[in-house]
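Residues per chain are reported as follows:
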Amino acid sequence: MSSATPSIPSPAPRFHIDAPVRLHATIVLDAATTRHVQALRLRRGDQIVLFNGDGHESIAELIEIAKRGAVVQVRSETAIDRESPLRIILAQGICAAERMDLVIQKATELGVHRIIPVITSRTVIRLSEERQERRETHWQNVAIAACEQSGRNRIPEVSPSVRFDAFIAGVPEAELRIACSPTGDERLRTLPVASSVLVFIGPEGGIAKDERELLSDRQFRFVRFGPRVLRTETAPLVMLANLQALWGDC
């Protein structure tokens, strides 16, 4: 096993596996992954990439495609670091289902470290506890799928949803705290360089006045992007891409 090194993701299909992966091990893939293998029309002898979120990825060879599940044997294991040097936590005001999925998918591709769904006073979506738990499981799976696509070997945590007052009471540590606001009086390029950033984005209705005051009390700095109002699913992607360009991947 080699030491951690940056690398372009293999062109072979990538699959997340929720189990230890060891060199030369024989692994039976679960039903969902097997269906994906079949949909891609992979055959015996084809190679796939497996990762379980511990920072490694493994090349595995398909040795059988059976009813009980596709069977692979691990041929190599490598520690590969494709994480950003900038640690970003995204606190996203929960928005409509397809928009929230988009935010989580693209934020994962853009290297976010953790995502905190926040229920604010202007959050439109109101779910029962059971449905909310199902939605949170779905969001974590969206992040896993984005890691499969983007080549990340570490999976960002999608935290359980939290109400705004609870979020404010336990604001995560970060060198810099920023909130995206069309009325913000600061720009990213004028902010001090940081190695960790907490980003807050409001839902479709934006950030309420009392929430803005509480964010300000917790040293959040309000940042705007030009004279246009960004949608709740656009703002985090613009923010994350710019942060990575300033202090992260770029």
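Please refer to the structure higher up on the page.
A brief structural summary. As the structure is a computational prediction, the values presented were derived from the model and not from experiment.

### A look at the packing of helix H2 (residues 97-109) against helix H3 (residues 129-150)
Alright, step 1. Packing of H2 against H3 brings their axes to within 8 Å, and their N-to-C directions diverge by 40°. The orientation of H2 relative to H3 falls into the category oblique. Once H2 is placed against H3, the crossing between them reads as right-handed. Each of Ala97, Met100, Asp101, Ile104, Gln105, Thr108 and Glu109 in H2 lies in contact with H3, whose residues at this interface are Arg135, His138, Trp139, Val142, Ala143, Ala146, Cys147, Gln149 and Ser150.
Alright, step 2. Residue composition of the contact of H2 with H3, grouped by class: eight nonpolar, five polar and three charged.

### Focus on the pattern of salt bridges
Alright, step 1. For the structure on display, the rule yields 12 salt bridges.
Alright, step 2. The partner of Glu61 in a salt bridge is Arg75, with the nearest N and O atoms 3.1 Å apart. Taken together, the residues Glu61 in strand S5 (residues 56-66) and Arg75 in strand S6 (residues 69-80) connect sequence positions 14 residues apart.
Alright, step 3. Classification of Arg75 by relative accessible area gives partly exposed; the value is 37%.
Alright, step 4. Across the pair Glu204 and Arg99 runs a salt bridge whose closest N-O atoms are separated by 3.5 Å. A residue pair is termed long-range when its members are at least 10 positions apart, and Glu204 in the loop between strand S12 (196-201) and helix H5 (209-217) and Arg99 in helix H2 qualify at 105 residues.
Alright, step 5. The partly exposed category is assigned to Glu204, whose relative accessible area is 31%.

### Digging into empty space enclosed by the protein
Alright, step 1. A complete count under the given rule lists one cavity of 30 Å³ or more for this structure.
Alright, step 2. Each pocket or cavity is described by its volume, and for the largest cavity that value is around 50 Å³.
Alright, step 3. If you go around the largest cavity, the residues you meet are Val21, Arg22, Leu50, Phe51, Asn52, Asp54, His56, Glu57, Ser58 and Glu77.
Alright, step 4. Looking at the lining of the largest cavity, the elements that each hand over two or more residues are strand S4 (47-51) and S5.
Alright, step 5. Tallied by class, the residues present in the lining of the largest cavity amount to three nonpolar, three polar and four charged.

About the thresholds
Residues numbered from 1 in each chain as written. Predicted model: local features only at pLDDT ≥ 70, side-chain atom pairs only at ≥ 80, totals over all residues. Heavy atoms only, no water. Axes fitted to C-alpha atoms, helices over the stretch in contact; angles between N-to-C directions. Helix = DSSP H or I, 4+ residues; strand = E, 2+ residues; numbered from the N terminus. Parallel < 35°, antiparallel > 145°, perpendicular 65-115°, else oblique. Left-handed = near helix turned anticlockwise from the far one by under 90°. Contact = heavy atoms within 4.5 Å. Nonpolar A, V, L, I, M, F, W, Y, C, P; charged D, E, K, R; others polar. Salt bridge = Lys/Arg side-chain N within 4 Å of Asp/Glu carboxyl O. Buried < 20%, exposed > 50% of the residue type's maximum accessible area, 1.4 Å probe, protein only. 1 Å grid on protein atoms, 1.4 Å probe; cavity = no way out; pocket = protein on both sides within 12 Å on 5 of 7 lines; lining within 4 Å. Points joined across faces, edges and corners; volume = space filled by probe spheres on them.

Structural measurements only, silent on function.
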